[in-house]
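Structure at a glance
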Amino acid sequence: MANKTTKKTTEPTKTAANGFLAGTPWVYTETVKEHFLNPRNFLMGDESKYQYDAKGIVGNPICGDQMLMFIQVEDGEDPKTKKPAKIIKDVKWKTYGCASAIASTSALSELAKGRTLDDALKISAEEIEEYLGGLPKHKFHCSVLGHEALAAAIANYKKK
Ligand code: FES
C-alpha cells in the first residue's frame with residue numbers, strides 16, 4: 001500500500017508565487033456573483049444580427065483577455081443641461097474575460113444606458129465597484145476592461 005503523504009488544507013498557502021493571497025478574502029459579493037451568472041446586456045450569438053451604431057474592442061495587457069462593446073445611439077436631451085445630446089440607447093458586449101470582468105461590464109452596461117456619450121465616459125471604476133458592492137483589489141484591471149471598450153466604441157461613434 002502506498003504511503004499517503006497528502007496534507008489536508010483548508011486555507012490557501014501563501015507563497016512567493018501567490019503572495020497576492022495574503023490578507024485578501026477569496027470572496028465575491030452576492031451582487032458580483034449574480035451579475036456573473038446573469039450578465040446584463042451580454043450579446044449572445046452572432047453580432048451581425050445586432051444593429052449597432054459603433055463598436056469598440058480592447059485587450060487587457062495584464063491577462064490577454066479581450067472585450068468587445070457595441071452601442072446604439074439616439075438623439076435626445078442631456079438631462080443635466082437640457083440641451084440636445086447623443087444618448088446611449090442600448091449596449092451589448094462580449095468578452096473572454098474572467099468573472100470580475102463579466103460582472104463589472106454587466107454593471108457598466110446598466111449604468112451607461114440612458115446617459116449621454118460624454119457622461120458615459122465619466123463612469124468610473126469606483127462607481128462600478130460601488131454598484132457591485134466591492135471587488136477584490138487584485139481584480140481591478142478586470143473591472144476597467146469594459147469601460148475601455150465602451151470608450152473605444154464612443155470614440156468610434158464620434159469618428160463617423
Ligand atoms: Fe483577464 Fe480578469 S483576468 S479580465
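All values reported here derive from a predicted model rather than from experimental measurement. (Residues numbered from 1 in each chain as written. Predicted model: local features only at pLDDT ≥ 70, side-chain atom pairs only at ≥ 80, totals over all residues.)

1. Observations regarding the overall build of the protein chain
Summing up its helical and strand segments, the protein chain has six helices and three strands in all. In the protein chain, the order of α-helices and β-strands from amino to carboxyl end is α-β-β-β-α-α-α-α-α. Burial statistics for the protein chain: of 160 residues in total, 27% are counted as buried. Partitioning the intrachain contacts of the protein chain with sequence separation of at least 6 by distance along the chain shows that 66% fall at a separation of at least 24. (Helix = DSSP H or I, 4+ residues; strand = E, 2+ residues; numbered from the N terminus. Buried ≥ 20, exposed ≤ 12 C-beta atoms within 10 Å, placed from the backbone. Contact = placed C-beta atoms within 7 Å.)

2. Brief notes about the nonpolar core
With 30 residues, the main nonpolar core has Met 69, Ile 71, Ile 88, Ala 149 and Leu 150 as its most contacted residues. Take this core: its biggest share by element is seven residues, from helix α2 (residues 99-112). Contact partners of Met 69, with chain neighbours within four places excluded, come to Lys 55, Gly 56, Val 91, Trp 93, Gly 146, Ala 149, Leu 150, Ala 152 and Ala 153. (Core = buried A, V, L, I, M, F, W, Y, C linked by C-beta atoms within 7 Å.)

3. Looking at the packing of α2 against helix α4 (residues 125-132)
Two numbers describe how α2 lies on α4: the axes approach to 9 Å, and their chain directions differ by 105 degrees. For the element pair α2 / α4, the angle class is roughly perpendicular. Along its contact with α2, which presents Ala 103, Ser 104, Ala 107, Leu 108 and Leu 111, the element α4 presents Glu 127, Ile 128, Tyr 131 and Leu 132. Of the residues assigned to the contact of α2 with α4, the class counts are seven nonpolar, one polar and one charged. (Axes fitted to C-alpha atoms, helices over the stretch in contact; angles between N-to-C directions. Parallel < 35°, antiparallel > 145°, perpendicular 65-115°, else oblique. Nonpolar A, V, L, I, M, F, W, Y, C, P; charged D, E, K, R; others polar.)

4. Here's the deal with the sheet that holds strand β1 (residues 54-59)
With antiparallel pairing, the three strands of this open sheet are ordered in space as β1-β2-β3. Since the sheet does not close on itself, it has two edges, and those belong to β1 and β3 (84-95), each with one partner. Taken pair by pair, the neighbouring strands of this sheet meet at an average axis angle of 25 degrees, ignoring direction. Across the sheet, α2 is in contact with β2 (66-77) and β3; its angle to β3 comes to roughly 160 degrees. With respect to the sheet, helix α6 (residues 145-159) is in contact with β1, β2 and β3, its orientation differing from that of β1 by roughly 140 degrees. (Pairing = 2+ DSSP bridges.)

5. Comments concerning α2
Between its first and last C-alpha atoms α2 spans 20 Å; for 14 residues at 1.5 Å apiece the expected length is 20 Å, and the two agree. Of all 14 residues that make up α2, 12 are buried, and the element is covered over most of its length. Within α2, burial applies to Ser 100, Ala 101, Ile 102, Ala 103, Ser 104, Thr 105, Ser 106, Ala 107, Leu 108, Ser 109, Leu 111 and Ala 112. Remark: Gly 114 follows α2 within two positions and exhibits a positive phi of approximately 90 degrees. (Expected span 1.5 Å × (residues − 1).)

6. Remarks on the environment of Leu 135
Looking at where Leu 135 falls in the secondary structure, it is placed in the loop between α4 and α5 (140-143). The spacing of Leu 135 and Ala 103 is 32 residues in sequence and 9.7 Å in space, taken between C-alpha atoms. Contact partners of Leu 135, with chain neighbours within four places excluded, come to Val 32, Ser 100, Ser 104, Glu 129 and Ser 143.

7. A closer look at the confidence of the model for the protein chain
Looking at the protein chain, pLDDT values average 86 and 84% of them are 70 or higher. Taken together, the stretch residues 1-20 has pLDDT below 50 and engages in six contacts with residues farther than four places along the chain or on a different chain. (pLDDT = per-residue confidence, 0-100.)

8. Examining the environment of Glu 110
Assignment of secondary structure puts Glu 110 in helix α2. As a C-alpha pair, Glu 110 and Val 91 span 19 residues in sequence and 8.2 Å in three-dimensional space.

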